Each structure stands twice: as structure tokens, then as C-alpha cells.
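The primary structure of each chain is shown beneath.
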Amino acid sequence: MIDADSDVEAVRTWLKEYRNRPRTLDSYRKEAERFLLWASIKRGKNLSDVNRDDVLEYREFLRNPDVSWCGPTRPRSHPDWKPFAKWSPHKHGLSESSCLQAQVILANLFRYLVEAGYLRHNPFALKRGRSPDARAIHDERLLEKETIDFLFNWLETLPAETEREKRHAERALWIISLYYYTAARLREIPAARMADIRLIRGNWWFRVTGKGDKEGLVPVPAALLAALQRYRNFLGLTPLPSPAEATPLVCSVYGEMAAISADSLYKIIKAIMKSAADDARACGHSQIAGNLEHATTHWLRHSSASHQLEAGLPLLTVSQNLRHSQIETTRRYLHTEDDDRHQATVNWSKPGKRSPG
């Protein structure tokens, strides 16, 4: 069903299906290219030869790729481009969530090529046991409420003696506020503009363009509106955005109101969390430090969902705020039954001895 005489041509046809969704296209192209390179160079195989053993080996390779495949983030056209980013001398490869995402994308590719008649089988379709998607929220990474409180208090104490320090401090507070209070995904913020925070029927909303370029509206709580006004005041803007304002929602500290990339935002947030963790540990808060040092934007999203439910917001409201397609996805953040179960069990005593209280 497709005109393709090679794997590269077949993949290009698949990618054309997403040409009207640029962010999805970039993500899918990256994962397809990585796999084509790995299959050709490491396994000496075409797509038609790939089997389940190759899929399992590739999963391990994603977690720990050869050092020669890793390097600083570069444009694809740069002569020093590498398939994997190298964040530090001792850290490279993908996180578990990124590995899972890569597997999902490649399963999509193989399914498409099988349905098109280009391939005969999809080795990514085979699974053992339950899907990783079915894991409970206990396996997710959450920042405890105590950790969030420490983080926001710490952000208020960042050094701001020089103009450079102040630029970084104000932006850091705004970035963490934005991701926590909107529960946005990493790539939903870089392309957003100030005009995306808008007044509708007397209420402030954040218009988000999410997965599949679907638009959603997220309520702007008072704490986030105050943080927005503070950040805009620092930038020399009016307290609240105008309906057509094109200023990036998060601006570079260099240049005139320039936007920053998702990769840069990820690194900034990791640096914020690492610095906060170091200071927490220095103050004797080892539990908080351990919670912070691995945190990412997705941790802020999970934490926001959990804390909204703990604050008593209805499940449907939180599901809509996170823009989940199924309410069961949001239900994983409900900890009430687990807390009750723990309380009942912790007071359990051995036979013959009365429980306290």
C-alpha cells in the first residue's frame, strides 16, 4: 500500500502522516532514526529481519548506549551530532519513561508498516505479563507536600544581589510555579505565549496545546496568577497579558524576550532540583534531598495531580485539569484507600495483645 523500495523510504512515508503535527513528527523521526541506525550498525539487519530478541536488546541499549553514540546536544545537521544526549561524564542513556515512549513509537511504526503490507510481522507487539502502562501510581515519582513546601521556600531565598542572579532567581520561581500549578508536560510550555493565559467569562485560564496538538483549558489558580504578575513585573511588562501578546511564557535570560527550547527547560529544571537537593541535604533534610535530586517536570505534573486530589478537588475536575482521556488514569493518584489501609495495618498487633487506642 506504499511506494517504498527501502526501509528509509518506508519510514519517510510513515513520518509524512505526521507532517501537520511538528512536535510529534520531531519525536517520531528521532526514535525511528535511532532504531534504524542501531539495527543496521549493531545488528546488521533490515526492518524485515528484526525479531523479538532484537527488541529486548534495543531496550537495554536505550538505557545504556555505547559512549560513542552519546554527546552534547547538537542540531541534526551538525557534524558532531550524536543519537543520544550526554548530560554529564557519567550519565547518558534514556530514563525508564523515555524508554517506554520509544517502544510505543516504534510499535506504532511497525504496526503501520505491517498494515501497509511492507512488513510481515511486528516484534514490538509481543508483551509479557501486564503492560507497563498498567502499573500503579505507587511506581510513579512524586514530590511529597513537605518537599514542595521546601522547594518554594528555597526558591524565595535564591541569591539576587546581581542583575544576573536576579534574572535566574525570578525565572526559576516562575518555571516551577508554572509546571506545578498547571501540571503541564515538558513540551507544552516552550511554544506557549503570554496570550495563552487569558480571561474567559471573568476567569483566568491557561490554553494548552498538548498531545496530538489537542487544545485544552486549565484553570489558573490564584497562586499562579500572583506568580505570573511577579514574573511580568520583573520583565517590565504590564501585570497581566493582553489577548494578542506574543511574549514567550518563559523567556531566556539572554536576549530580548526570546523563547527557550524544551531541552533547555529540562536542563534548567534539573539544575534547580539538584541545587535545592544539595541545600536540603546541607540543612539535614536528607529525605527531602533524596526526593528532589531525581525530580523532573513530570514529577511536578504527578505531584500536582496528587496534591489537587489531597486538597479535596473532585476526581473529574483533576482529570480535566490534567487533560486525561480516561478518568481511570487520574484515579491512580487517589491515595485515600491506601492511607486508610496503612492506618489499619500499622496498629495491628500480635495475637493476645490489644491494639493501642
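The preceding data block contains the structure.
Below: a short report on this structure. On a predicted model such as this, the values are computed, not experimentally measured, just so you know. (Residues numbered from 1 in each chain as written. Predicted model: local features only at pLDDT ≥ 70, side-chain atom pairs only at ≥ 80, totals over all residues. Heavy atoms only, no water.)

**A look at empty space enclosed by the protein**
- This structure, assessed with the given rule, holds one cavity of 30 Å³ or more.
- If you trace the largest cavity, you find it lined by E170, L173, W174, S177, A227, R230 and Y231.
- Contributions of two or more residues to the lining of the largest cavity are made by α6 (163-182) and α7 (222-235).
- When residues in the lining of the largest cavity are grouped by element, the largest group, four residues, is from α6.
- Of the residues in the lining of the largest cavity, the class split is four nonpolar, one polar and two charged. (1 Å grid on protein atoms, 1.4 Å probe; cavity = no way out; pocket = protein on both sides within 12 Å on 5 of 7 lines; lining within 4 Å. Points joined across faces, edges and corners; volume = space filled by probe spheres on them. Helix = DSSP H or I, 4+ residues; strand = E, 2+ residues; numbered from the N terminus. Nonpolar A, V, L, I, M, F, W, Y, C, P; charged D, E, K, R; others polar.)

**Structural notes on the packing of helix α2 (residues 22-41) against helix α4 (residues 96-115)**
- Two numbers describe how α2 lies on α4: the axes approach to 10 Å, and their chain directions differ by 85°. Comparing the axis directions of α2 and α4 gives the class roughly perpendicular. For the pair formed by α2 and α4, the contact residues are S27, Y28, E31, A32 and F35 on the first element and A102, I105, L106, N108, L109 and F110 on the second. (Axes fitted to C-alpha atoms, helices over the stretch in contact; angles between N-to-C directions. Parallel < 35°, antiparallel > 145°, perpendicular 65-115°, else oblique. Contact = heavy atoms within 4.5 Å.)

**Quick notes on the pattern of salt bridges**
- Taken as a whole and judged by the stated rule, the model has 16 salt bridges.
- D54 is the partner of K45 in a salt bridge, and the nearest nitrogen-oxygen pair spans 2.6 Å.
- What makes K45 partly exposed here is its relative accessible area of 22%.
- With a relative accessible area of 1%, D54 lands in the buried category.
- Across the pair R230 and E156 runs a salt bridge whose closest N-O atoms are separated by 3.0 Å. Of this pair, R230 sits in helix α7 while E156 sits in helix α5 (residues 145-156), and the two are 74 residues apart along the sequence. (Salt bridge = Lys/Arg side-chain N within 4 Å of Asp/Glu carboxyl O. Buried < 20%, exposed > 50% of the residue type's maximum accessible area, 1.4 Å probe, protein only.)

**Observations concerning α6**
- For α6, spanning 20 residues, the distance from its first C-alpha to its last is 28 Å, which sits close to the expected 28 Å at 1.5 Å a residue.
- A183 sits one or two residues past α6 and shows a positive phi near 55°. (Expected span 1.5 Å × (residues − 1).)

**Regarding the pairing of strand β4 (residues 197-200)**
- The pairing of β4 with strand β5 (residues 203-209) spans four bridges and is classified as antiparallel. In the strand pairing of β5, R198 is matched with W205.
- Counted between consecutive antiparallel strands, the loop separating β4 from β5 contains two residues, among which R201 sits at a positive phi close to 50°. (Pairing = 2+ DSSP bridges.)

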